[in-house]
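# A structural walkthrough
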Amino acid sequence: MVVSNGTATLSLTLAAVGIEPGDEVIVPALSFVATAAAPMHLLAVPVFVAIDPDTFNMTPAVVEAAMARVRAIVVVHLHGLPADMDEINAVARRHGLPVVEDAAQAHNAHYRGRPAGAIGTIGTLSLNVSKNLATCGEGCLVTTDDEGLARRVAPLRQFGELSGTGTPRTYIPHMLGWNNKPHAIQPAFTRSQLRRFPADLLRRERNIRPFLDRIADLPGFLATHPLLDQHILRFRGDPAAFGLDDRYMGPVRAEVQRALRAEGVPATPYQSMPLPTQHMFRAAHGFDAWLWRLAGTRTQPGGPDAFPAVFRVIEDSFATQEAHLHPDAGPLLAHYASAFEKVWQNRDDLTRLATALTYTPPWE
Ligand SMILES: Cc1ncc(COP(=O)(O)O)c(C=O)c1O
């Protein structure tokens, strides 16, 4: 089924699995804000968990440790790197919880042979223009093999109405629903993209592989999981390779990013703050902070001590976003690779600049 956008779909799927006001929903501390805003739109409380710095995803251990009043888990496959779904599903089963897969960045990502979005209880795949599989504007796919859930999602999407294909619309609401239908053009556009998707994937792979091979020769930049269909390419800077200790990971990343940008590579941080440190959550904005005044709601610390791996990843890495997804991006990626090589060749200058930099971390 297609819904109007990924953010609305996350709320809708959480409603479909039975999330109610005051329920807690586990979300990763590193993601796009929508992952954590979606439970709040249902007056549910996001409970942030740490990530593994190698995969950028939540782990089964942190999910298990966060249980209390939790009623659902939203797992994100960040940048198209799949989370450890077998173990997370096992934790969820032990606690009788549904798993919503936020696969916005993971079209065609596979975990042990299964496609992301088809492994949890229900999956959402945003079709926003920036995604691997897009529509013309906004949209989102919902996936589930649970008939009952699918039957709940449909009326939630359209005013609580029960309407079958080919039967006239009744206009009778049977539950509180939203109006989150897409325009007919959007699924049609995606369907046409879907026909080209396998061929485009092959072309992407042919472009990205030589690019990542060239970067792999440069010890200063770690593309931790060089998957060829990654939505966002994220590179972690290694201060040791620049002859510096960990105190300089932020300045090294900042100078590398600046130099790459000067060479035409759109290097930017992807998320400059962990979600729990973002103003919206720290100041408990939304609904007059009602959620955070509910009896028993946990207040979560948001400082570097609470989520060290998230702070570290934000401090030492940058992303090149999605220009690599264009099937004709080969020459562009060759240019990017030359820019990375040039920056690495000039590492002595960068090291000097990094040690002299008056540095402010992105979250400040
Ligand atoms: C991880 C993640 N979740 C949710 C969303 C929200 O999707 P949309 O932009 O379609 O609302 C995005 C996208 O931008 C995302 O990257």
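Placed above this text is the structure.
This text gives an overview of the structure that appears in the document. Computed from a predicted structure; not experimentally measured.

### Let's talk about the site of the ligand
Looking at the ligand, there are 14 residues lining it, with Gly-6, Thr-7, Asp-102, Ser-126 and Lys-131 nearest. The side chain of Thr-7 places a nitrogen or oxygen atom 2.5 Å from an oxygen atom of the ligand. At 2.7 Å, a side-chain N or O of Ser-126 approaches an oxygen atom of the ligand. Elements represented by at least two residues in the shell around the ligand include exactly α1 (6-16) and α2 (33-41). By residue class, the composition of the shell around the ligand is four nonpolar, eight polar and two charged.

### Observations regarding the pattern of salt bridges
Taken as a whole, this structure holds 15 salt bridges when the rule is applied. For Asp-316, the salt bridge identified is with Arg-236, shortest N-O distance 2.7 Å. Of the two residues, Asp-316 sits in helix α9 (residues 308-316) while Arg-236 sits in strand β11 (residues 234-237), which places them 80 residues apart along the sequence. The salt bridge partner of Glu-255 is Arg-258, with a shortest N-O separation of 3.0 Å. Of this pair, Glu-255 and Arg-258 both sit in helix α7 (residues 249-262), three residues apart, which is roughly one turn of that helix. Through salt bridges that share partners, Arg-236, Asp-246, Arg-312 and Asp-316 make up one connected network.

### Remarks on the nonpolar core
Membership of the largest hydrophobic core comes to 42 residues, with the highest contact counts inside it found for Leu-14, Ile-19, Val-25, Leu-30, Phe-48, Val-74 and Val-310. Listed by contribution, the elements that provide at least two residues to this core are α1, β2 (24-28), α2, β3 (45-49), β4 (70-76), α5 (147-157) and α9. Residue-level mapping places this core at the junction of two domains, with at least three residues from each of domain 1 (2-190) and domain 2 (198-272 + 306-356). Dropping the residues within four chain positions of it, Val-25 is found in contact with Leu-14, Ile-19, Pro-39, Ala-44, Val-45, Pro-46, Val-47, Ala-72 and Val-74. The next biggest cluster of nonpolar side chains, apart from the first, holds 26 residues, and it includes Val-265, Ala-337, Val-343 and Ala-354.

### Structural notes on the packing of helix α6 (residues 185-216) against helix α10 (residues 330-345)
Where α6 meets α10, the closest approach of the two axes is 9 Å, and the angle between their N-to-C directions is 5°. It follows that α6 is roughly parallel to α10 by the angle criterion. Taking contact as the criterion, the partners of Asn-207, Ile-208, Phe-211, Arg-214 and Ile-215 in α6 are, on α10, Gly-330, Leu-333, Ala-334, Tyr-336, Ala-337, Ser-338, Phe-340 and Glu-341. Classifying every residue of the contact of α6 with α10 by side-chain character gives eight nonpolar, three polar and two charged.

### Some thoughts on the pairing of strand β9 (residues 140-143)
Side chains of β9 alternate between two faces, with Cys-140 and Val-142 buried and Leu-141 and Thr-143 left unburied. With two bridges joining them, strand β1 (residues 2-3) and β9 adopt antiparallel strand pairing. By the bridge assignment for β9, Val-3 is matched with Cys-140. Where strand β8 (residues 122-126) lies against β9, four bridges are found, and the strand directions are antiparallel. Each bridged residue has a counterpart across the sheet, and for Thr-124 the counterpart in β9 is Val-142.

Conventions adopted
Residues numbered from 1 in each chain as written. Predicted model: local features only at pLDDT ≥ 70, side-chain atom pairs only at ≥ 80, totals over all residues. Heavy atoms only, no water. Near = heavy atom within 4 Å. Polar contact = N/O pair within 3.5 Å; in protein donor to acceptor, adjacent residues only side chain to side chain. Helix = DSSP H or I, 4+ residues; strand = E, 2+ residues; numbered from the N terminus. Nonpolar A, V, L, I, M, F, W, Y, C, P; charged D, E, K, R; others polar. Salt bridge = Lys/Arg side-chain N within 4 Å of Asp/Glu carboxyl O. Core = buried A, V, L, I, M, F, W, Y, C linked by side-chain atoms within 4.5 Å. Buried < 20%, exposed > 50% of the residue type's maximum accessible area, 1.4 Å probe, protein only. Domains from an automatic or database assignment. Contact = heavy atoms within 4.5 Å. Axes fitted to C-alpha atoms, helices over the stretch in contact; angles between N-to-C directions. Parallel < 35°, antiparallel > 145°, perpendicular 65-115°, else oblique. Pairing = 2+ DSSP bridges.

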